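One-letter residues, chain by chain:
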Amino acid sequence: MEDKDILEKFANPDSRNLAFNQLIRKYQQKIYWHIRKMVIDHDDADDLTQEVFIKVWKNLENFRQDAQLYTWLYRIATNECLTFLSSKRKKFFLPINDVAAELTEKIDSSPHIDGDEIQLKLQKALLRLPDKQRLVFNMKYYDELKYEEISEILGTSVGALKASYHHAVKKIEEFIKQD
Amino acid sequence: MKNDFKLSDLPKRNIYEVPDKYFDRLPAQIMERTAGAGYSPAPWSAAAWKPLRMALAPLVLLLVVGVVYFTQLRDQSKEQAIHLATVADDDIMDYLSTYAVLETGDFAELSVTSEQEMTADFLNVSATAAEEELEYYQIETTDF
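Residues numbered from 1 in each chain as written. Chains lettered and ligands numbered in written order. Predicted model: local features only at pLDDT ≥ 70, side-chain atom pairs only at ≥ 80, totals over all residues.

When helices and strands are counted, chain A shows nine helices and zero strands. Helices (α) and strands (β) of chain A occur, in sequence order from the N terminus, as α-α-α-α-α-α-α-α-α. Residues counted as buried form 30% of the 179 residues belonging to chain A. Summarising the internal contacts of chain A: among those between residues at least 6 apart in sequence, 58% fall at separations of at least 24. (Helix = DSSP H or I, 4+ residues; strand = E, 2+ residues; numbered from the N terminus. Buried ≥ 20, exposed ≤ 12 C-beta atoms within 10 Å, placed from the backbone. Contact = placed C-beta atoms within 7 Å.)

Residue and element names in this part refer to chain A. Between helix α2 (residues 16-39) and helix α7 (residues 131-142), whose axes approach to 10 Å, the crossing angle comes to 135°. Relative to α7, α2 is oriented oblique. Crossing angle aside, the handedness with which α2 passes α7 is right-handed. Along the contact surface, α2 presents H34, K37 and M38, while α7 presents R134, L135, N138 and Y142. (Axes fitted to C-alpha atoms, helices over the stretch in contact; angles between N-to-C directions. Parallel < 35°, antiparallel > 145°, perpendicular 65-115°, else oblique. Left-handed = near helix turned anticlockwise from the far one by under 90°.)

Residue and element names in this part refer to chain A. At a closest axis distance of 9 Å, the pairing of helix α8 (residues 147-154) and helix α9 (residues 158-177) adopts a crossing angle of 105°. It follows that α8 is roughly perpendicular to α9 by the angle criterion. Where α8 approaches α9, its residues Y147, E148, I150 and S151 are matched on the opposing element by V158, L161 and K162. Per-class residue counts for the contact of α8 with α9 are four nonpolar, one polar and two charged. (Nonpolar A, V, L, I, M, F, W, Y, C, P; charged D, E, K, R; others polar.)

Here we come to the nonpolar core. All names here are of chain A. If you look at the biggest cluster of nonpolar residues, it comprises 42 residues, and the most contacted ones within it are I31, I35, V39, A77 and V136. Tallying contributions element by element places α2 first for this core, with nine residues. A77 has contacts with I31, H34, I35 and V52, leaving out every residue within four places of it along the chain. (Core = buried A, V, L, I, M, F, W, Y, C linked by C-beta atoms within 7 Å.)

Our next topic: the interface of chain A and chain B. Counting residues at the interface gives 33 residues for chain A and 25 residues for chain B. At the level of elements, α2, α3 (42-59), α6 (117-126) and α9 of chain A are the ones that each hand at least two residues to the side of chain A that touches chain B. The dominant element in the side of chain A that touches chain B, judged by the number of residues it contributes, is α2 of chain A, at nine residues. For the side of chain A that touches chain B, the per-class residue count stands at 14 nonpolar, eleven polar and eight charged.

Let us now look at α9 of chain A. Residues and elements named next belong to chain A. Taking 1.5 Å of rise per residue, 20 residues should cover 28 Å, and α9 covers 29 Å from first to last C-alpha, within 8% of that figure. Within the sequence span of α9, burial applies to L161, S164, A168 and I172. For α9, the arc enclosing every buried residue in end-on projection is 65°, short of the 170-degree limit, so these residues lie on one face. Projecting away from the buried face of α9 at angles above 90 degrees are the exposed residues G159, A163, H166, K170 and E174. Where α9 is buried, its residues touch α6, α7 and α8. (Expected span 1.5 Å × (residues − 1). Arc of directions from axis to C-beta.)

Take a look at the structure:
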C-alpha cells in the first residue's frame, strides 16, 4: 500500500487502527534493522523500535507531507538511537570507548548474531566510529540510501555526508588491516 | 588479515538475527501499546495556528520595534525635562524675554490661565501696565 493511502486511512477515525497496522508492517523491518545496527542488542532494539512507532502514532497527524514518510520514520528512529546511546553514557558515566567496548562484547556473546570472522571484525570496526559517522555508514552501505535522503534524515549537507562516509570506509579498512 | 583489504571486496551481509516470528508478533505488540497511549488528534486551534504563525511574525516584529522606539522616545523627553528642571527660573525668564516671540496661541493660553493671575508673571509687567498697552495698541480689534 502507498504511503499516501495509509495516511488518508489514518486520517479517518474508523480506519485509523487498520492504517497504522499496515504502516507498521510496511516499515517495521527497516526501522528495526536501522536501530539494531546502532544498539547491537536485540532487546534494546526491540524496545526502541516500539518506542519509535508509539511516537509515530502520536505524531502522524502532524506529519507534513512535503517530506517522505520513510525519511520521517528514519529521523525518529535515528533520534531514538542517539538519545539511547547518549543516555547510556551519562547513566554509567562511560566515555565513548567504553560504550563501544560494551557493544563489542555483545557482538561476541549475543545469541542473535551469526557471522564469520571478517564480518564480526567489520561490526567491531564500525563500533569504533563516532555515532553519527556510524549512522551515515549504515544508511549508505547497508540501507543503500541516497546521500540526498540521508541529508534529509540527518539534516547534514550532502558534501559533509560524502566526506564522512569516505573517512568511515578508510578507518574501517585500516582497522581490519591491523591484524 | 590481508594488507590490501578493500571494503568493496567484502560481500554485504547482515549478521544480526531476531527470535523466531519476531516480525509477525511486533505489530500486535505495538498496536496493544497504542491503545494505552491514546490518540489525541491535533485540535482545530493547532491547525489554524500554522498559517497564522506566518502572518503574525511580521506583526510581532513591528510591535517590538514600535515598543523599543517609543520607550526610547519617552526616555529622551524625561531627560529633557530633567535638564530643564536644573535651569534657574531667572535664566529661563531672561531667555524668554530675549528670544521668545509671542503668538496668538500664547494669548489664548493666557486667557485660559487668567484666573490664576499669571499674566503679570508671564509678561514680567504689572497687570495695569499690560492693560494699558493692550488699550494703546487696540489689540482686541486687530485682526490676527
